[in-house]
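So you can see what is in the structure, the chains are spelled out below.
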Amino acid sequence: SCLSSFGQAQFIEVQSINIEGNKRTRDYIVLRELNLGIGDNIPLGKIQSTIEQNKNLLLNTGLFADVAIDI
């Protein structure tokens, strides 16, 4: 990710999404469940809540026993 500034607010830009440890579900299935994508800018103050929200989105599919999101 990349830290950038628009006016006074600082954002993190999603530059890539890597899916690891997944053996059965195709990557595009995982990616479509996320509410963020490559090129999105997330306000620095909302990073933690965005990560938690996306972790819950993946867990709620019932496809995964555990989800870890690292930045």
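Residues numbered from 1 in each chain as written. Predicted model: local features only at pLDDT ≥ 70, side-chain atom pairs only at ≥ 80, totals over all residues. Heavy atoms only, no water.

**Section: the pattern of salt bridges**
Point 1. Summed over the entire model, instances satisfying the criterion amount to one salt bridge.
Point 2. A salt bridge links Glu 33 to Arg 32, with the nearest nitrogen and oxygen atoms 3.8 Å apart. (Salt bridge = Lys/Arg side-chain N within 4 Å of Asp/Glu carboxyl O.)

**Focus: the side chain of Asn 54**
Point 1. Inspection of the secondary structure assignment puts Asn 54 in helix α2 (residues 47-59).
Point 2. Residue Asn 54 is classed as buried on the basis of its relative accessible area, which comes to 1%. (Helix = DSSP H or I, 4+ residues; strand = E, 2+ residues; numbered from the N terminus. Buried < 20%, exposed > 50% of the residue type's maximum accessible area, 1.4 Å probe, protein only.)

**Remarks on the confidence of the model for the protein**
Point 1. Within the protein, residue pLDDT values average 89, and 87% of them lie at 70 or more.
Point 2. Summarising per-element confidence for the protein, the mean pLDDT is lowest in strand β1 (residues 2-6) (56) and highest in α2 (96). (pLDDT = per-residue confidence, 0-100.)

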